[in-house]
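One letter stands for each residue in the lines below.
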Amino acid sequence: MEGGGRSWSIESYLNEYFDIPAKNPPGEARLRWRRAVGLIVRNHRRRFGRFSGLDPIDDAQRRKILGKVQVVINVHKAALQFIDGVKQYHLSPELIEEGFCISPDELAAVTGLRKDYTMLRMHGGIKGISRKIKASLEDGAKETDIATRQKLYGTNKHADKPPRSFWMFVWDALHDLTLIILVVCALVSLAVGLATEGWPKGIYDGFGIILSILLVVLVTATSDYQQSRKFIELDREKQKVYIRVTRDKKTKEVLVHDLVVGDILHLSIGDVVPADGLFISGYCLVIDESSLSGESEPINVSEDRPFLHAGSKVVDGTAKMLVTAVGTRTEWGKIMGSLNGDGVDETPLQVKLNGVATIIGQIGLVFAVLTFLVLLVRFLVDKGMHVGLLNWSANDALTIVNYFAIAVTIIVVAVPEGLPLAVTLSLAFAMKKLMHDKALVRHLAACETMGSASCICTDKTGTLTTNHMIVDKIWIGDVFQPVNGGKNISELKRAMTERVMAILIQGIFVNTGSEVVEGDDGKKTFLGSATETALLEFGLSLEEHLYDDYRKLARVSVEPFNSVKKKMSVTIQLPNGGLRTFCKGASEIILEQCNTSLNSDGNTVPLSEMEKHNILNIINSLASEALRTLCIAFKDMNELVNDQTISDDGYTLIALFGIKDPVRPGVKDAVMTCMAAGITVRMVTGDNINTAKAIAKECGILTEEGIAIEGQQLHDKSQDELKEILPKIQVIARSLPMDKYKLVTSLKSMYQEVVAVTGDGTNDAPALCESDIGLAMGNAGTEVAKESADVIIMDDNFETIVNVARWGRAVYLNIQKFVQFQLTVNIVALIVNFVSACIIGSAPLTAVQLLWVNMIMDTLGALALATEPPNDEMMKRSPVRRGDSFITRIMWRNILGQGLYQLLVLGTLMFVGKRLLNIEGPDSDRTINTLIFNSFVFCQVFNEINCREMEKINVFQGIFENWIFVGILTATVMFQVIIVEFLGTFANTVQLSWELWLFSVIIGSISMIISVILKCIPVEFKKTNTKPHGYELISEGPEIL
């Protein structure tokens, strides 16, 4: 059909009104699809209740408005305080009894957003505050006081909305407009029936409809309630954040909810501050408070500006803070408590299925109206010809009510409320399974989008490798020595002089982001990154007894490691006077800063260009063995003026380390799985290019046709140059976070790739946000990276990422299967009732029967088909590309083929069934209608099995592994037997002979033969051999068995 120069199709309609981006959908797009749905919604509460409200403002505007509101609140507070005078805080008897000298409210006011320096000084500064809360600034709170502190000063939890009860979901299900109309029809039927036919015969029709409605409501509410419980469990899992604190002189990791007032909290780059507190000590601490104040400019926190607030983010530096307010007593907690959990953003698939449901609903509404009008006109004509239109009885009214009930029930069947809700069910099921498989899905849309991923840009360390690092080789003082994780330590010690050993050990122990802590069981553990831990373990194996002494040296300046500088440094005060700066980091960068080196005797000697070249050769040699290379250097100074930055030259090279990080078992197979699935894997790492290439080859990522480049080279490429080589890039080494961002944006804009990207650092946040699916590392990732991500990989394993892709594909295919099944039922039910009404003057499927059919295809069908687990065949087809049709030609072939078969069979039974099957007697009409109903249900039962595979002939493969599917099919058949054999009075059925039961089952089972024939009919055109951007195409689906 042409309209306005454009042809109309279902897909074009869906793309125009029901297409939204997976991430951060604009309010305009969300409003557009809701308007397009219009009135074709049976239950607004159930359809839209889970989604967040429409809000046209974006996140930046929201933060800005929130900031302004906060400023107004603070000004108001200040004005009230000025008018009323200083507020008097009183100590409760419990606080006095336990020895605390400050109330929770007063303590929270000290560190509130007003940053009251006067109040802080009044309490004696941070030392005075620590005394009043019985906490040591060095040792933290006592372990025995934790429960008391939680009782008196509160827990670090926000006020959560109570979970919705089962009966609230029942109440939601009862808001279905069509069910409400059917209840009214049933009540009218009861009243008329009792008046005309008396008790109990007069109640059967009306009571049958009411029972069916109650069953539908209970099944619907149970399904929604179970989904709700799964999402609550997932939300709890999301809140499991571990932080590092000092308690009772011990540094340990605890859950953020277990944080108490008096704890010493350790902060580092990428952390989200979980409570209000005061700065104790630290270096270069820069905080982003935009989420609280709306101000985008980061602030420096120091002893002069000691206030730290929950919800702010650590942009740079490290620090220790004294926790003074937790939970709802923090400003962030008050804001979070005032915000209502208003649902989640809808996913693209949910919106698209809302569009499909709207189209079907519009068609169904037309059929329902036509069916009612045809039945009514035929009834009036028949009445006018026989008894006259002026002669009315209660039975006549009952007949019209039944006609109206049938029409309304057709709408119930035709408006598939379960279609968009099936996506939520499938996503909830997938998210629960993924949680058990170490993947925490933070945003619903990411799960389905991951199924369309065509490219994964992955980190190396911890994702492709085990992240269990050991120092394998070392070059020091012109000596190149294998260490093998500490097994050859004695040989290394003999090769080094005492001075070389002293400087090396000092550099390792003072310039580290890792630390050794002793647990309650006396066992020592390491806290920190794997690289830092490897060096610290190596240092302890050399001179463990010096660790505590060197850690006590006064630190004058600290520059923590970040992914841009690729180095870290520390300046210490030497015991005999003077300063010494240690610097370690990427080997080429540190080597470039050195102009001298330590020789084997511990003397400083000039480092010539030739010697630098030789060291570079050693670096490349280590890198080619897949070892991570790291250099450590030092320089001595007389003094460091305040705020003076340390120059990046004049260093003396101490040592070069080769650190081993083995490839994870199974990674190569996972990469091969991705390639077979049409997913390109690219490795993005900060390591040396030779190390990166060696690891990439071992993982199967770098092929003969692939290119490995450095981040700087990528950055320097023009758009045209980048477009030419981008498809061949498989490895990016020495990359900066913005190189990863450029890669992601280029792949999306130039080749319309669906890009998944991993990240663990604060600076990875832009790439994680820009990608289609952001994957943060659960172990190595910072809290800022996790907040920016869509999925958190809890075990940092690449195989888990592939598993997310597998489940994403399962979600998409399961929904396609369900749509195929539901559309078949819709088409047949609508046409059978309409044609029968037009020709015979009655509908073979009654309201009760249609409600049962609706439950089979809606809630039960969704449970059966939308919860199919993934299989290996899913990863042998190419990903769904942007703009691909959701309802494919294969689906239409199966829908129309099965629908035509069912219409032919049911039509034959309707018109000549009594004669063909020799059904006679007073109940012949009810018998043939029961047979039609029974055959129709069994057609759906067997077609449900057919829909397990849209292309493969073998639909039974793995069927018994999905107990939900088998259970629902069994329950459907059992309840069908009960309805026909025992509930005939209410369902308007009669008992069938075993021959007719066998006939119904055979009619249904023939649909499986029809399915085999249909699957042999080719409907997909062959694709071209190559993609536009040079990738090799793989087959579009699994081979037909």
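A short tour of the structure in this document, coming up. (Residues numbered from 1 in each chain as written. Predicted model: local features only at pLDDT ≥ 70, side-chain atom pairs only at ≥ 80, totals over all residues. Heavy atoms only, no water.)

Helix length check: helix α20 (residues 498-510), at 13 residues, gives a terminal C-alpha distance of 18 Å against a target of 18 Å (1.5 Å per residue), a fit within 8%. Among the 13 residues in α20, ten count as buried, and that is most of the element. Regarding α20, the residues found buried are V500, M501, I503, L504, I505, Q506, G507, I508, F509 and V510. (Helix = DSSP H or I, 4+ residues; strand = E, 2+ residues; numbered from the N terminus. Expected span 1.5 Å × (residues − 1). Buried < 20%, exposed > 50% of the residue type's maximum accessible area, 1.4 Å probe, protein only.)

Our focus in this paragraph is the environment of A805. Mapped onto the elements of the fold, A805 is located in helix α32 (residues 798-839). Sequence separation of A805 and I679 is 126 residues, and the distance between their C-alpha atoms is 9.6 Å.

Here we come to the pairing of strand β17 (residues 567-573). Counting buried positions along β17 gives six out of seven residues, so the element sits mostly inside the fold. Summarising the sheet, strand β16 (residues 555-559) and β17 pair through four bridges and their orientation is antiparallel. Paired with R555 across the bridge in β17 is I572. When β17 meets strand β18 (residues 579-586), the two strands line up antiparallel, connected through seven bridges. Of the residues in β18, the one forming a bridge with I572 is R580. Connecting β17 to the next strand, β18, in antiparallel fashion are five residues, including G577 with a positive phi near 100°. (Pairing = 2+ DSSP bridges.)

Take the packing of α32 against helix α35 (residues 924-946) next. One way to put it is that α32 packs onto α35 with a least axis distance of 10 Å and a crossing angle of 160°. Here α35 runs roughly antiparallel to α32, going by the angle between their axes. Considering how the two elements wind past one another, α32 and α35 form a crossing that is right-handed. Where α32 approaches α35, its residues F821, T824, V825, V828 and A829 are matched on the opposing element by F936, Q940, N943 and E944. (Axes fitted to C-alpha atoms, helices over the stretch in contact; angles between N-to-C directions. Parallel < 35°, antiparallel > 145°, perpendicular 65-115°, else oblique. Left-handed = near helix turned anticlockwise from the far one by under 90°. Contact = heavy atoms within 4.5 Å.)

Our next topic: the pattern of salt bridges. Any two side chains of opposite charge can pair, given that their charged atoms come close. Applying the stated criterion to the full structure yields 20 salt bridges. The salt bridge involving E787 is made with K313; its shortest N-O contact spans 3.9 Å. One end of the pair, E787, is in helix α31 (residues 783-788); the other, K313, is in strand β9 (residues 313-325), with 474 residues separating them in the sequence. On the basis of relative accessibility, which here comes to 40%, the residue E787 falls in the partly exposed class. On the accessibility criterion, K313 (24% relative accessible area) is partly exposed. Among the salt bridges present, the one from R734 reaches E588, with a minimum N-O distance of 2.4 Å. Of the two residues, R734 is situated in the loop between β25 (729-733) and α29 (737-751) and E588 in helix α23 (residues 587-593); the sequence distance between them amounts to 146 residues. A residue is classified by how much of its surface remains accessible, and R734, at 14% relative accessible area, is buried. Exposure remark for E588: the relative accessible area of 22% places this residue in the partly exposed category. (Salt bridge = Lys/Arg side-chain N within 4 Å of Asp/Glu carboxyl O.)

Here we take up the packing of aromatic side chains. Two aromatic rings, taken as a pair, are described by how far apart their centres are and by the angle between their planes. The tally for this structure, following the rule as stated, stands at twelve aromatic pairs. A ring pair is formed by F169 and Y225, whose centres lie 6.0 Å apart and whose planes are at 70°; its orientation type is edge-to-face. Remark: Y225 occurs in helix α12 (residues 204-238) and F169 occurs in helix α10 (residues 166-173); sequence separation between them is 56 residues. Plain terms: the ring middles of F938 and W997 are 6.1 Å apart, the flat faces sit at 90° to each other, and that makes the pair edge-to-face. (Phe/Tyr/Trp six-rings, centres within 6.5 Å; stacked < 30°, edge-to-face > 60°.)

Our focus in this paragraph is the sheet that holds strand β24 (residues 707-710). Pairing is mixed across the open sheet formed by eight strands, whose spatial order is β10-β28-β27-β26-β11-β23-β25-β24. The open sheet has two free edges, formed respectively by β10 (439-441) and β24, since each of these has just one partner strand. Across the sheet, the mean angle from the axis of one strand to that of its neighbour is 20°, orientation sign disregarded. Where β10 and strand β28 (residues 791-793) come together, three bridges link them in antiparallel fashion. If you follow A439 over to β28, its bridge partner there is I793.

Next up on the list: the nonpolar core. By size, the foremost hydrophobic cluster in this structure holds 159 residues, and its most contacted members are L182, M450, I773, V791, F798 and I815. Counting residues per element, this core draws most heavily on α32, at 20 residues. Not counting chain neighbours up to four residues away, the residues in contact with L182 comprise I209, I213, A405, V408, T409, V412 and L851. Membership of the second largest hydrophobic core comes to 41 residues, among which are L95, L120, L259 and L267. (Core = buried A, V, L, I, M, F, W, Y, C linked by side-chain atoms within 4.5 Å.)

Before going further, it helps to spend a moment on the packing of helix α33 (residues 847-865) against α35. Packing of α33 against α35 brings their axes to within 12 Å, and their N-to-C directions diverge by 10°. For the element pair α33 / α35, the angle class is roughly parallel. Across from Q849, W852, V853, I856, L860, G861, A864 and L865 in α33, the residues of α35 making contact are F933, F936, V937 and E944. Class assignment for the residues of the contact of α33 with α35 results in nine nonpolar, two polar and one charged. (Nonpolar A, V, L, I, M, F, W, Y, C, P; charged D, E, K, R; others polar.)

What follows is about the pairing of strand β19 (residues 594-598). Here β19 lies mainly inside the structure; four of its five residues are buried. Strand direction decides the pairing type here: β19 and strand β22 (residues 651-660), joined by three bridges, are parallel. Within β22, the residue paired with T596 across the bridge is T652. In terms of strand pairing, β19 meets strand β20 (residues 604-606) through three bridges, oriented antiparallel. Directly across from L598, in β20, lies its bridge partner T604. In sequence, β19 turns back onto β20 through a hairpin of five residues, with G602 there showing a positive phi of about 90°.

Attention now moves to a nonpolar patch on the surface. On the surface, L365, V366, V369, L370 and L373 cluster together into a nonpolar patch covering about 390 Å² of accessible area. Structurally, L370 can be placed in helix α15 (residues 348-386). A relative accessible area of 37% means that L370 is categorised as partly exposed. (Patch = residues over 30% accessible without salt bridge, like charges linked within 9 Å, V, L, I, M, F, W, Y side chains within 5 Å. Areas by Shrake-Rupley, 256 points an atom, 1.4 Å probe, with all protein chains shown as cover.)

If you trace the backbone, N156 turns up in the loop between α9 (146-153) and α10. Reaching out from N156, the side chain makes a polar contact with the backbone oxygen of V256 at a distance of 2.9 Å. A distance of 3.4 Å separates a polar atom in the side chain of N156 from the backbone oxygen of P274. (Polar contact = N/O pair within 3.5 Å; in protein donor to acceptor, adjacent residues only side chain to side chain.)

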